[in-house]
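Chain by chain, the residues run as shown.
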Amino acid sequence: MKLVFAIVHDEDETEVMRSLNEDGFSVTKLSSTGGFLRAGNSTLVVGVPKESVDHVMDIIKAKSRSRKKLINSSITPAVNSAIAPGYPIEVTVGGATIFVVDVEKYEKA
Ligand code: 2BA
């Protein structure tokens with residue numbers, strides 16, 4: 001058993017969840033916030049047999065788009081240290097950021 005954590009853009013979350021559900025996977029959505037942009041995103045948690053991990057990852061990747069965001073460098077201290085405050089910079093957000101971890105024990109009580 002594996003646990004897939006997928007951080008996806010809020011605008012992709014509905015479609016990713018719908019596709020996972022259609023293929024029979026249960027999903028839990030956690031509302032989350034990116035530490036860099038401080039913008040809302042969604043963390044999807046999917047518990048699956050290890051043989052299904054690639055299938056789940058394929059669905060998530062197929063339904064997640066990458067996007068360009070222009071931000072003001074004064075938003076984050078990390079950027080401020082390198083560039084003068086107020087300078088606009090472009091970052092590419094996503095598609096999805098996916099982590100897969102082992103599950104030691106799984107039961108539904
Ligand atoms: P944020 O932390 O808000 O990051 C949004 C985007 O900003 C990132 O897109 C990346 O392109 C850029 N970025 C992040 N940190 C940066 C830095 N220190 N310097 C320059 N640019 C930086 P993604 O990489 O696609 O990440 C999208 C979201 O996924 C992140 O939102 C965060 O919520 C999550 N994430 C990404 N990598 C992660 C990791 N290793 N661990 C935990 N969460 C992660």
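If you're wondering where the values come from, they're calculated on a predicted model, not measured in any experiment.

**Looking at helix 2 (residues 53–63)**
Then step 1. Every buried residue belonging to helix 2 is among Val-53, Val-56, Ile-59 and Ile-60, and all of these are buried. Along the axis of helix 2, the buried residues cluster in a sector spanning 130 degrees; they form a single face. When the buried face of helix 2 is taken as reference, the exposed residues oriented beyond 90 degrees from it are Asp-54, Lys-61 and Ala-62.
Then step 2. Along its buried surface, helix 2 packs onto strand 1 (2–9), helix 1 (10–22), strand 3 (40–48) and strand 6 (97–102).

**Re the site of the ligand**
Then step 1. Residues in contact with the ligand, as listed here, are Ile-7, Gly-34, Gly-35, Phe-36, Leu-37, Asn-41, Thr-92, Val-93, Gly-94, Thr-97 and Phe-99.
Then step 2. In this structure, Gly-35 approaches the ligand through a main-chain N or O atom, which is 3.2 Å from an oxygen atom.
Then step 3. In this structure, an oxygen atom belonging to the ligand sits 2.6 Å away from a main-chain N or O atom of Thr-92.
Then step 4. Relative to its unbound accessible area of 760 Å², the ligand is 53% covered by the protein chains.
Then step 5. Of all the elements in the fold, those that place two or more residues in the shell around the ligand are strand 5 (88–93) and strand 6.
Then step 6. Its residues placed into classes, the shell around the ligand shows 5 nonpolar, 6 polar and no charged.

**Remarks on the nonpolar core**
Then step 1. Residues Leu-20, Phe-25, Val-48, Val-56 and Ile-60 are the most contacted members of the largest nonpolar core, which totals 14 residues.
Then step 2. With 4 residues, the top contributor of residues to this core is helix 2.
Then step 3. Those residues in contact with Val-48 that lie beyond four places of it in its chain are Met-1, Lys-2, Val-4, Phe-25, Val-53 and Val-56.

**Quick look at the pattern of salt bridges**
Then step 1. Under the defined criterion, the tally for this structure stands at 7 salt bridges.
Then step 2. Among the ionic pairs, Asp-102 bridges to Lys-2, the shortest N-O distance being 2.3 Å. Taken as a pair, Asp-102 in strand 6 and Lys-2 in strand 1 lie far apart in primary sequence, 100 residues in all.
Then step 3. What makes Asp-102 exposed here is its relative accessible area of 59%.
Then step 4. Glu-15 is the salt-bridge partner of Lys-63, the closest N and O atoms lying 3.7 Å from each other. One end of the pair, Lys-63, is in helix 2; the other, Glu-15, is in helix 1, with 48 residues separating them in the sequence.
Then step 5. Using a relative accessible area of 30% as the deciding quantity, one classes Glu-15 as partly exposed.
Then step 6. Each of Glu-15, Arg-18, Glu-22 and Lys-63 takes part in a single network of salt bridges with overlapping partners.

About the cut-offs
- Residues numbered from 1 in each chain as written.
- Predicted model: local features only at pLDDT ≥ 70, side-chain atom pairs only at ≥ 80, totals over all residues.
- Heavy atoms only, no water.
- Buried < 20%, exposed > 50% of the residue type's maximum accessible area, 1.4 Å probe, protein only.
- Helix = DSSP H or I, 4+ residues; strand = E, 2+ residues; numbered from the N terminus.
- Arc of directions from axis to C-beta.
- Contact = heavy atoms within 4.5 Å.
- Near = heavy atom within 4 Å.
- Polar contact = N/O pair within 3.5 Å; in protein donor to acceptor, adjacent residues only side chain to side chain.
- Areas by Shrake-Rupley, 256 points an atom, 1.4 Å probe, with all protein chains shown as cover.
- Nonpolar A, V, L, I, M, F, W, Y, C, P; charged D, E, K, R; others polar.
- Core = buried A, V, L, I, M, F, W, Y, C linked by side-chain atoms within 4.5 Å.
- Salt bridge = Lys/Arg side-chain N within 4 Å of Asp/Glu carboxyl O.

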